[in-house]
Amino acid sequence: AQSVTQLDSQVPVFEEAPVELRCNYSSSVSVYLFWYVQYPNQGLQLLLKYLSGSTLVKGINGFEAEFNKSQTSFHLRKPSVHISDTAEYFCAVTLIQGAQKLVFGQGTRLTINP
Amino acid sequence: KAGVTQTPRYLIKTRGQQVTLSCSPISGHRSVSWYQQTPGQGLQFLFEYFSETQRNKGNFPGRFSGRQFSNSRSEMNVSTLELGDSALYLCASSSGTSGSLYNEQFFGPGTRLTVL
């Protein structure tokens, strides 16, 4: 079975600073990878996804992530954060073949301080 | 295009009761998935429906069930409610002829269920 570990439950950063949210996954077979964002009292919104091809994936709101197969990681980065990026971020995987369901990490709460 | 809608947004029930939650997907989407979000367990997959058939199922007891109608609207039912069922229940819809989950899933705002 696949699993996802988000290494930091909370990440505080100052506005305009860079940020990296870490995600590692475990699976014996190939997976698709996703990052979702959840703003307070809202559902989840897809930031970006890796299905195949280039390992550097660009998403919405200036976020990007890099798929590293050897390290089974899919870390999310942004070079300069804004107050509006304050939210909870979830990394998720699903199998490429077989039973498909999104398996989520526990989430990382990103807090931007002025 | 209207997004995914879920009703009701908030619900309070007592132990032993049953509850039905509703989800209307984005127009044209045929796949609907349900997730449970709790502070302790995080986001967990319940089940996915495509063209009125359950295609994928998570590891939840039989008290949790669902169905999908011909217009793709979906309902989720929880019988014999327990305190631990208190959670945010999220519905997501996706497009794509196969209905596979790797197509982008669009989430609704959720239904907050409180069991007393």
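Let me sum up the structure you'll find in this document. (Residues numbered from 1 in each chain as written. Chains lettered and ligands numbered in written order. Predicted model: local features only at pLDDT ≥ 70, side-chain atom pairs only at ≥ 80, totals over all residues. Heavy atoms only, no water.)

## Quick notes on the state of the cysteines
Note the cut-off: Any cysteine sulfur atom paired with another within 2.5 Å is treated as part of a disulfide. Strands here are runs of E lasting at least two residues and helices are runs of H or I lasting at least four, both read from the DSSP assignment and numbered beginning at the N terminus. For the exposure calls, accessible area comes from a 1.4 Å probe over protein chains only, and a residue counts as buried if that area is under 20% of its type's maximum, exposed if over 50%, partly exposed in between.
Considering all chains together, one arrives at two disulfides over all chains under this definition. Paired by a disulfide, Cys23(A) and Cys91(A) hold their sulfur atoms 2.0 Å apart. Across the disulfide from Cys23(A) to Cys91(A), rotation about the S-S bond amounts to roughly -65°, and the bridge is consequently left-handed. Of this pair, Cys23(A) sits in strand E4 (residues 23-26) while Cys91(A) sits in strand E10 (residues 87-95), and the two are 68 residues apart along the sequence. Looking at Cys91(A), the relative accessible area reads 0%, which means it is buried. Across a sulfur-sulfur distance of 1.7 Å, Cys23(B) and Cys91(B) are joined as a disulfide pair.

## Some words on the interface of chain A and chain B
Test applied: Contact criterion: two residues are considered in contact whenever any of their non-hydrogen atoms come within 4.5 Å of each other. Once two parts are brought into contact, the accessible area they lose, counted with a 1.4 Å probe and summed over both, makes up the buried area. Salt bridge, as used here: a side-chain nitrogen of Lys or Arg that lies within 4 Å of a carboxyl oxygen of Asp or Glu. Pairs of N or O atoms within 3.5 Å make up the polar contacts considered here, provided that, within protein, one atom can donate a hydrogen while the other can accept it, and that residues adjacent in sequence are counted only when both atoms are side-chain atoms.
At the junction of the two partners, chain A supplies 19 residues and chain B supplies 20 residues. Between chain A and chain B, the buried area comes to about 1,600 Å², and carbon and sulfur atoms account for 53% of it. Summed over the shared surface of chain A and chain B, the result is zero salt bridges. Here chain A and chain B share one residue pair in polar contact (both at pLDDT 80 or more) between them. When residues of the side of chain A that touches chain B are traced back to their parent elements, those giving at least two are strand E5 (31-38), strand E6 (44-50) and E10 of chain A. For the side of chain A that touches chain B, the element with the most residues is E5(A), which contributes four residues.

## Some thoughts on unusual backbone geometry
Residues and elements named next belong to chain B. The step from Thr-7 to Pro-8 runs through a cis peptide bond, and the omega angle for that step is -10°. Positioned with a positive phi, Ser-72 is a non-glycine residue whose angle comes to about 80°. Of note, Ser-72 is situated in the loop between strand E7 (64-68) and strand E8 (74-78). By relative accessible area, which is 11% here, Ser-72 ends up buried.

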